[in-house]
Amino acid sequence: MAAVPASPAPPTDPSSLVAALRAAGCVFAEDEARLILATARTPGQAAAMAQARASGLPLEHVLGWAEFHGLRITVAPGVFVPRRRTEFLVDQALAQAPDARVVVDLCCGSGALGTALAVALDGAEVHAADIDPAAVRCARRNLAPHGGHAHTGDLYAALPAGLRGRIGILTANVPYVPTAEVPLLPAEAREHEPAVALDGGPDGLDVLHRVAAEAAEWLAPGGCLLSETSARQADAALVAFAAAGLTAHKAVSHEWDAHVVIGVR
């Protein structure tokens with residue numbers, strides 16, 4: 001019987017990967033091909049990763065990590081991918097409380113904020129919390145090398161009671177997309193990230209209001225709460241922070257199109 005010719009191996013040279021990614025609509029095909037080839041352990045894995053990316057899977061889920069504040073943050077399918085603009089929130093937290101010794105990252109997703117702050121504030125006690133168990137597993141992996149802890153639960157209910165009144169930096173990268181606008185998000189987010197990490201309710205501020213309402217009970221004197229929002233929501237967020245007894249102001253980065261509301265106890 002004649003031998004059956006072997007199927008050709010998927011092309012994995014850079015130019016072939018770039019062509020495949022560009023044909024799939026990837027705007028930064030060259031950069032993505034470089035990252036895939038640098039991450040893959042075998043040519044076959046590189047080909048599979050490129051195919052997954054071409055099918056619409058977010059690049060960070062394909063790679064298994066996202067770059068954030070100079071770190072590689074582990075991410076997993078179904079977990080919110082940290083946005084580079086949120087690095088601005090980390091910088092604002094460090095500027096506001098450079099000597100904070102207790103940090104909490106609410107709505108932590110992968111734990112990117114908590115991890116970045118743990119690295120910057122060497123020796124700080126860091127906790128993260130999320131309602132999504134998959135996110136908490138991911139955050140735990142990122143925080144463990146820095147002595148941080150991740151907890152599963154709904155906002156403050158997830159935290160150890162001993163943190164009450166001790167938190168120097170409280171970050172809450174809450175979902176802030178209004179419900180009616182979730183279907184308008186890019187497919188990468190809409191189809192591959194959990195709705196609970198995106199949908200902020202009718203005006204996008206449901207979770208922010210809940211975080212603000214209890215923040216003063218958990219912050220240390222002089223401690224700060226920081227939350228990312230949109231330009232059109234920032235003023236309403238300031239009102240919510242002030243109503244919760246915090247001294248509130250906002251910081252804006254035009255470079256990153258980032259808006260951070262800051263409340264100080």
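Residues numbered from 1 in each chain as written. Predicted model: local features only at pLDDT ≥ 70, side-chain atom pairs only at ≥ 80, totals over all residues. Heavy atoms only, no water.

### Here's the deal with the environment of Gly 109
Positionally, Gly 109 belongs in the loop between β3 (102–106) and α6 (112–120). Judged by its relative accessible area of 8%, Gly 109 is buried. Separated by 33 residues in sequence, Gly 109 and Asn 142 place their C-alpha atoms 11 Å apart. (Helix = DSSP H or I, 4+ residues; strand = E, 2+ residues; numbered from the N terminus. Buried < 20%, exposed > 50% of the residue type's maximum accessible area, 1.4 Å probe, protein only.)

### Focus on helix α7 (residues 133–143)
For α7, the full list of buried residues reads Ala 135, Val 136, Cys 138, Ala 139, Asn 142 and Leu 143. Along the axis of α7, the buried positions cluster into a sector of 160 degrees, meaning they face one direction only. Away from the buried face of α7 by more than 90 degrees, exposed residues Arg 137 and Arg 141 are located. Of the surrounding secondary structure, the elements contacted by the buried residues of α7 are β2 (71–74), α6, β4 (125–130) and β5 (149–152). (Arc of directions from axis to C-beta. Contact = heavy atoms within 4.5 Å.)

### As for the nonpolar core
Counting residues in each nonpolar core, the largest one holds 31 residues, and the members touching the most others are Phe 68, Ile 169, Cys 224, Leu 226 and Ile 262. Secondary structure elements with two or more residues in this core: α5 (87–96), α6, β4, α7, β7 (219–229) and β9 (258–264). If we skip the residues at most four places from it in the chain, Phe 68 touches Ile 73, Pro 82, Arg 83, Thr 86, Glu 87, Val 90, Ala 112, Leu 113 and Ala 116. The next biggest cluster of nonpolar side chains, apart from the first, holds 29 residues, and it includes Leu 106, Leu 208, Ala 212 and Leu 238. (Core = buried A, V, L, I, M, F, W, Y, C linked by side-chain atoms within 4.5 Å.)

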